[in-house]
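Spelled out, the chains give:
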Amino acid sequence: MSGPDLRGAAAIVGVAESDLGEVGQDRYAIELAAQASVAALAEAGLTTRDVDGLFCAIAGRGMAPLDVAEYLGVRPRYTDGTMVGGSSFVSHLHHAALAVAAGACDVALIAYGSTARSDSGRGRLPTGPPELPSYEAAYRPRMPVTGYALAAARHMYQYGTTRTQLAEVAVAARRWAMLNPKAFARDPLTIEDVLASRVISSPLSALDCCLVTDGGGAVVVTRADRARDLPRPPVYLLGAGEAHWHRTIAQMPDLTVTAATESSARAYAMAKLGPADVDVVELYDAFTINTILFLEDLGFCAKGEGGDFVSGGRIAPGGVLPVNTNGGGLSYCHPGMYGIFTLIEATRQIRGEAGERQQPGVTVALAHGNGGQLSSQVTAILGSEASL
Amino acid sequence: MTPHREYTDRLAAGEVAFQRCDDCRAAVFQPRVLCPACGSTRLTWGQSAGLGTVYSVSVLSPRDGRPYSVALIDLDEGFRMMSTVVGMPAGDVRIGMRVRAQVDQVDQVDQARVEFLADRS
Ligand SMILES: [Zn+2]
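Residues numbered from 1 in each chain as written. Chains lettered and ligands numbered in written order. Predicted model: local features only at pLDDT ≥ 70, side-chain atom pairs only at ≥ 80, totals over all residues. Heavy atoms only, no water.

Topic: the interface of chain B and chain A
Link 1 in the chain: Of the residues lining the interface, 29 residues belong to chain B; the matching set on chain A comes to 27 residues.
Link 2 in the chain: Of the roughly 2,600 Å² buried between chain B and chain A, counting both surfaces, carbon and sulfur atoms make up 55%.
Link 3 in the chain: Of all residues in chain B, Gln30, Tyr55 and Met82 of chain B bury the most surface against chain A, accounting for 25% of the area lost on that side.
Link 4 in the chain: Taken together, the links from chain B to chain A amount to zero salt bridges.
Link 5 in the chain: Along the contact surface separating chain B from chain A lie 15 residue pairs in polar contact (both at pLDDT 80 or more).
Link 6 in the chain: At the level of elements, α1 (3-12), β4 (51-60), β5 (68-75), β6 (80-83) and β8 (113-118) of chain B are the ones that each hand at least two residues to the side of chain B that touches chain A.
Link 7 in the chain: Take the side of chain B that touches chain A: its biggest share by element is seven residues, from β4 of chain B.
Link 8 in the chain: For the side of chain B that touches chain A, the residue count by class is 16 nonpolar, eight polar and five charged. (Contact = heavy atoms within 4.5 Å. Buried area = accessible area lost by both parts, 1.4 Å probe. Salt bridge = Lys/Arg side-chain N within 4 Å of Asp/Glu carboxyl O. Polar contact = N/O pair within 3.5 Å; in protein donor to acceptor, adjacent residues only side chain to side chain. Helix = DSSP H or I, 4+ residues; strand = E, 2+ residues; numbered from the N terminus. Nonpolar A, V, L, I, M, F, W, Y, C, P; charged D, E, K, R; others polar.)

Written out as structure tokens, the structure is:
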């Protein structure tokens, strides 16, 4: 691998969520993206007038960057509408770092919004033209859950992973969410509750699946030298890597191995760090199997050992590895494309702003996005000034 | 003829069709205009014997209908497809089971589909 040395060249200088949870039927996705954008820029001591690079993706909106730019009143000289599902925003961070390092823009705004929860009550679900003919629809999979269920079933078959181990992931996420006042689901949850919940697509039950909420987020990125002049401590991008090998689940070569093996190898190589250097992990847990697959593929345990790794509260508060300290897509917030929230939480943990759930001495955080049917994988490694 | 049309025509005639690359011999499914393994456009249609193995399976239980399986089947010719295993309770379908294809002409969508039965041969 070659290319410009991106390690530490760009930094996150502002992050924010919009209103989360259930925002009501008179709200719009772009409104939430804008609300988060203004707040993230304010943290950075900037306004929309400073933005000259715009990166966004909104489900069902093919020209999201145009929609968001017009709404915000920004006139970007650099625009990126990469849409690879929920991992899009981690991909945007990588692209934004490349763009600011190359001088293509100075202030990059990454923005997202969704009213997925409120939409379900008003028949406003995003639709689009058919793409290729489907060779799957005739079998009535319930997507996306069935794709992830097939991966879970294969992982259980090959490695002896159990439903109890999957449930451990949901329980750990809930215990983190109970420490996060912004989390949507904060009631106590037990392994038995997860196992007793209704099976949606076996082996995954309702409590193995992420929430459906509303919500938006924004992240502001600028060049490292400029970041040091702004109000908050810069959170540097140390490494980034992307990979995708398929779109539909039937085309995934091995359902137990994701392209996160490649995306993380690229990110670690750029960061000159490895899994042992990571203090907190924020990964895309759309379903409980994701956490197990990604902990393996990101190198925190060997392939097949993810079920053991998450057991006994080892990724919960007080465990050996803090994973999804905000409560994750399972218990904090999941408006359909969760990736941006991995960046927001990683940034807050590095800055030491995470309140009751703050981990001590966080220097390096890993944020990992997933998109499609375990398809797009994007890994970012973030660090404080001390990590440079 | 487009790859998709060739596939659906053969399916309507009761055939489980796939393409094979003349250059690298990879089995290709879903239907394409090029081989995703090597990029060659020299693809030849073939008929699968319809024998395969369940690679993974999930069971869905709609509130208003009978449980059904969604399975990924590895065909012996070397390609994988999404399908369903019928003729047995959905919950009894197991990964690793040998199965054989049948083409079902009656379906929710306006075309035939490939289904699988447990292969007891
Ligand atoms: Zn070929």
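From this point, the discussion proceeds with the structure in view.
Thoughts on the pattern of salt bridges
Pairs can form between side chains of opposite charge whenever their charged atoms are close.
Residue and element names in this part refer to chain A.
Link 1 in the chain: In total, this model carries 28 salt bridges over all chains according to the counting rule given.
Link 2 in the chain: A salt bridge links Arg223 to Asp106; the nearest nitrogen and oxygen atoms lie 3.4 Å apart. Pair noted here: Arg223 is in strand β7 (residues 215-223) and Asp106 is in the loop between α3 (88-102) and β4 (107-114), with a separation of 117 residues, a long-range link.
Link 3 in the chain: Relative accessible area serves as the criterion here: at 28%, Arg223 is assigned to the partly exposed category.
Link 4 in the chain: Assessed through its relative accessible area of 29%, Asp106 is described here as partly exposed.
Link 5 in the chain: Its salt-bridge partner being Glu296, residue Lys303 comes within 2.7 Å of it at the nearest N-O pair.
Link 6 in the chain: A single network of salt bridges, built from pairs that share partners, joins Asp52, Arg77, Asp106, Arg223 and Asp225. (Buried < 20%, exposed > 50% of the residue type's maximum accessible area, 1.4 Å probe, protein only.)

Side note on the packing of helix α5 (residues 145-159) of chain A against helix α10 (residues 288-297) of chain A
All names here are of chain A.
Link 1 in the chain: Contact geometry for α5 and α10: axes closest at 10 Å, N-to-C directions at 60°. Comparing their axes, α10 and α5 come out oblique. Helix-helix and strand crossings are classified by hand; for α5 and α10 the assignment is left-handed. When α5 is examined against α10, the residues Tyr148, Ala151, Ala152 and His155 are found in contact with a partner set consisting of Ile289, Asn290, Ile292, Leu293 and Glu296.
Link 2 in the chain: Across the contact of α5 with α10, the residue classes break down as six nonpolar, two polar and one charged. (Axes fitted to C-alpha atoms, helices over the stretch in contact; angles between N-to-C directions. Parallel < 35°, antiparallel > 145°, perpendicular 65-115°, else oblique. Left-handed = near helix turned anticlockwise from the far one by under 90°.)

Re α1 of chain B
Residues and elements named next belong to chain B.
Link 1 in the chain: The set of residues buried in α1 consists of Pro3, Glu6, Tyr7, Thr8 and Leu11.
Link 2 in the chain: Against the buried residues of α1 lie β1 (17-21), β3 (43-47), β6, β7 (98-104) and β8.
Link 3 in the chain: Trailing α1 by a residue or two, Gly14 shows a phi angle of about 90°, which is positive.

Observations concerning the coordination of the zinc ion
Residues and elements named next belong to chain B.
Link 1 in the chain: Those protein atoms acting as donors to the zinc ion are Cys21 (SG), Cys24 (SG), Cys35 (SG) and Cys38 (SG), and they sit at 2.3 Å.
Link 2 in the chain: The site at the zinc ion holds four donor atoms, and with the angles between them running 105 to 114°, its shape is tetrahedral.
Link 3 in the chain: Spacing between the donor residues of the zinc ion along their common chain follows C-x2-C-x10-C-x2-C. Separated by 11 residues along the polypeptide, Cys24 in the loop between β1 and β2 (27-28) and Cys35 in the loop between β2 and β3 bring together distant segments of the chain.
Link 4 in the chain: Judged by its relative accessible area of 34%, Cys24 falls in the partly exposed class.
Link 5 in the chain: When its relative accessible area of 1% is taken as the criterion, Cys35 is described as buried. (Donors = N, O, S within 2.8 Å, 3.2 Å for Na, K, Ca; no water. Tetrahedral: all angles 85-135°; square planar, octahedral: opposite > 155°, others 65-115°.)

Concerning the sheet that holds strand β8 (residues 235-244) of chain A
Residues and elements named next belong to chain A.
Link 1 in the chain: Taken together, the nine strands give an open sheet; going across it, the order is β3-β2-β4-β7-β1-β8-β11-β10-β9, and neighbouring strands pair in mixed fashion. Every other strand in the sheet has two partners, leaving β3 (78-80) and β9 (280-283) as the edge strands with one partner each. The mean angle between the axes of side-by-side strands here comes to 25°, regardless of whether they run parallel or antiparallel.
Link 2 in the chain: Pairing of strand β10 (residues 364-371) with strand β11 (residues 376-383), which is carried by eight bridges, proceeds in the antiparallel orientation. Across the sheet, the residue bridging to Gly371 is Ser376, located in β11.
Link 3 in the chain: Across the sheet, helix α2 (residues 64-72) lies against β2 (53-56), β3 and β4, angled at about 125° from β2, the strand it touches most. (Pairing = 2+ DSSP bridges.)

Overview of the domain arrangement of chain B
All names here are of chain B.
Link 1 in the chain: Assigned domains of chain B: these are domain 1 (1-47) and domain 2 (49-121).
Link 2 in the chain: A C-alpha centroid distance of 21 Å is found between domain 1 and domain 2.
Link 3 in the chain: Contact with domain 1, which involves 12 residues of that partner, is made by 13 residues of domain 2.
Link 4 in the chain: Between domain 1 and domain 2, the buried area comes to about 980 Å², and carbon and sulfur atoms account for 71% of it.
Link 5 in the chain: Contact with domain 2 buries surface across domain 1, with Leu11, Val16 and Phe29 losing the most and accounting together for 50% of the total.
Link 6 in the chain: On the surface where domain 1 and domain 2 come into contact, there are zero salt bridges.
Link 7 in the chain: Listed by contribution, the elements that provide at least two residues to the side of domain 1 that touches domain 2 are α1 and β1.
Link 8 in the chain: At four residues, α1 tops the list of elements feeding residues into the side of domain 1 that touches domain 2.
Link 9 in the chain: A class-by-class count of the residues in the side of domain 1 that touches domain 2 yields seven nonpolar, three polar and two charged. (Domains from an automatic or database assignment.)

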